[in-house]
Amino acid sequence: MAQIEAAPSDDWIPAGRKLLFTLSPNETVTDDYRYIVQVEENGTIISKIYLTPNPADNAFFDLSEVIEGRLEVDSLKYNSTATIHKFNNEMFTRSNDNMKRYRVLVGFFDGTTEELAEDQSSYYYHFDGYEQLSQGLDPSFSDYYGTASTKKVWLTDRIPSNNVIEVTAGIEDNGVAAFINSDDTGSLISRFLINTYDTAGSLDDTLTYIVNSTNGGLVPTTAWNDSNNDASLLYAYVYPASFNPITTALNAVTGGWGHYDIIPSTDSVQTGNILRIRNNCRNTKNEPVQLGWANTRGGWDYLRFDGKKQKTVTREEKTYRKIVGDYSGAQFELATSAREIKPYQLEAKETYQLNSVLTIEEVTLMQYCMRSKNVMARIDGTWVPVTIQTNSMQIEEETVSKVFITSFNVELAQTIRC
C-alpha cells in the first residue's frame, strides 16, 4: 500500500506555503502504477488526484496547490454581516472562513483496481497566511502556539521586543487580534488578563475574560470537532473602541490612561507574549483614517493616518446618440433643451490619499499592507473595502530618522453608482 513517507512537521500552519507530502510505495511499481491522493475538507472530499511515480518510484504532492483560495482572513463577525473590526458585545468572535481541517488519504492504482489507506491518513489544520521561500521547505510555526510567555502567539507581523508586542491606538480606534485556540498545539490559553495603567505607569485596574462560549469562544480542549471547527482560531476585541468594557475602563483612569496590556494565560501562568496598546492621543481636528489589512500570519494588522485625507472622485461613462423631437403629435415638436447625446452607463470611483507621520516601525509594517489581498479602511467612521493604489514604497530599515511623513493612496473597492 502506498504511504506518506514525509509530511509538514506542524499540523497547524498557514496554507500559503509549501505543504509537501512525499509518497512512497510498499508494492512493486509498474508502468501502470499511479499514486492516488484524496483530500477532504472538514469531512467533505474536495479533490482526488492521480500522480505518476518519478524515476525513484516516489511522488511529491503539494497540498497548498489544492487549498489555495479556499481560506480567507475573516472580514465579518461570526455568523453575521457586521464588519469584524467594529464594536462587539463579547470579547471574542469565531472564524467563518479562516480555519479548516484537511485530511490527506493516499493509495495506489495498479492499472486495474484502486486502494486507499484510511488508517494512514492524518489531519492538518490550515488558515489564510503564507511563508516566503526564503524560510525553507518546512519552517516551524510553533512560536504562535500558546505554550509559554516567550511565544509570540498573536497572529501579527509586528515584531516583539522582550516578549512584548507594542501597538499604538486612540480611544476611538477599532480592531481585533487573532490567535490559534486549540490544545492540539499544546496551547493552554484559557483566559485573558487586561491590565490598565495611567500615564505614570501605575496599575489602575485588571479585567479578566475566560476563553469560553459565554465570551464568544470555546475552551482550547473543545475548540475543534466536526461542529466546532470555527472556534479553533479566535479574534479578540482588544482595541479601545471595539469592546465596551475596555473603553469604560480606560475612560475611568484618573489623569488619563497611558497603556494597557493583554496577557494570554492559563490560570495565573502567562502563556504568550503581552500585547501592549499605548495611548496615541491625537492633537488634530482632522478625521483620521484607520487602515486594516489581512497579514501574512492569518490575522489583522492596523495603522492610523492622522493627516488630512484628500478625496478624489473620477467618473467613467458610455454614451449613445438619441433621436430628438416628438413624432407622436399633429405637429413635429423639437425642444431647444433636447439632449441628443445621453449616457447609458455612468460610474464613479473614490480615491483617497492618506497622510500621516509614521515611526520607522510603522513604515516597515506598511510593506505587509502593500502585499495584502484584503485591505479595509475606516473612513468617516465606516469600515469599507479598499484597494491599494500606491504601487511602490521605499522602506528604510536602517536609518537614524525617528519619523517619516508618509502618503498612501487607496481606492474604494466599490463602484459608486450614478
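Cut-offs applied
- Residues numbered from 1 in each chain as written.
- Predicted model: local features only at pLDDT ≥ 70, side-chain atom pairs only at ≥ 80, totals over all residues.
- Heavy atoms only, no water.
- Buried < 20%, exposed > 50% of the residue type's maximum accessible area, 1.4 Å probe, protein only.
- Helix = DSSP H or I, 4+ residues; strand = E, 2+ residues; numbered from the N terminus.
- Arc of directions from axis to C-beta.
- Contact = heavy atoms within 4.5 Å.
- Patch = residues over 30% accessible without salt bridge, like charges linked within 9 Å, V, L, I, M, F, W, Y side chains within 5 Å.
- Areas by Shrake-Rupley, 256 points an atom, 1.4 Å probe, with all protein chains shown as cover.
- Salt bridge = Lys/Arg side-chain N within 4 Å of Asp/Glu carboxyl O.
- Lys, Arg positive; Asp, Glu negative; His and termini not counted.
- Charge placed at Lys NZ, Arg CZ, Asp CG, Glu CD.
- Core = buried A, V, L, I, M, F, W, Y, C linked by side-chain atoms within 4.5 Å.

(A) Spotlight on helix H2 (residues 244-251). Looking at H2, one finds that the buried residues are Ile246, Thr247, Ala249 and Leu250. Mapping the buried residues of H2 onto a view down its axis gives an arc of 165 degrees, with all of them on the same face. Check the buried side of H2 and you find it contacts strand S13 (191-198), strand S14 (203-210) and strand S16 (257-266).

(B) Main features of a negative patch on the surface. A contiguous patch of negative charge on the surface is contributed by Asp31, Asp32, Asp110 and Glu115. Topologically, Asp32 is positioned in the loop between strand S3 (20-24) and strand S4 (34-41).

(C) Representation of the nonpolar core in the model. Ranked by internal contacts, the top residues of the largest apolar core, which has 72 residues, are Phe61, Leu63, Met91, Phe179, Phe192, Ile262 and Leu275. Setting aside anything within four residues of it in sequence, one finds Phe192 in contact with Met91, Phe92, Trp154, Phe179, Leu207, Thr208, Tyr209, Ala236, Ile262, Ile263 and Pro264. Counting residues in hydrophobic clusters, the runner-up holds 23 residues, among them Tyr352, Leu358, Ile360 and Ile379.

(D) Local environment of a nonpolar patch on the surface. A grouping of Ile323, Tyr327, Phe332 and Leu334 is seen on the molecular surface, where their side chains present a nonpolar patch of about 520 Å² in accessible area. Along the chain, the position of Phe332 falls in the loop between strand S21 (310-321) and strand S22 (341-359). Judged by its relative accessible area of 47%, Phe332 falls in the partly exposed class.

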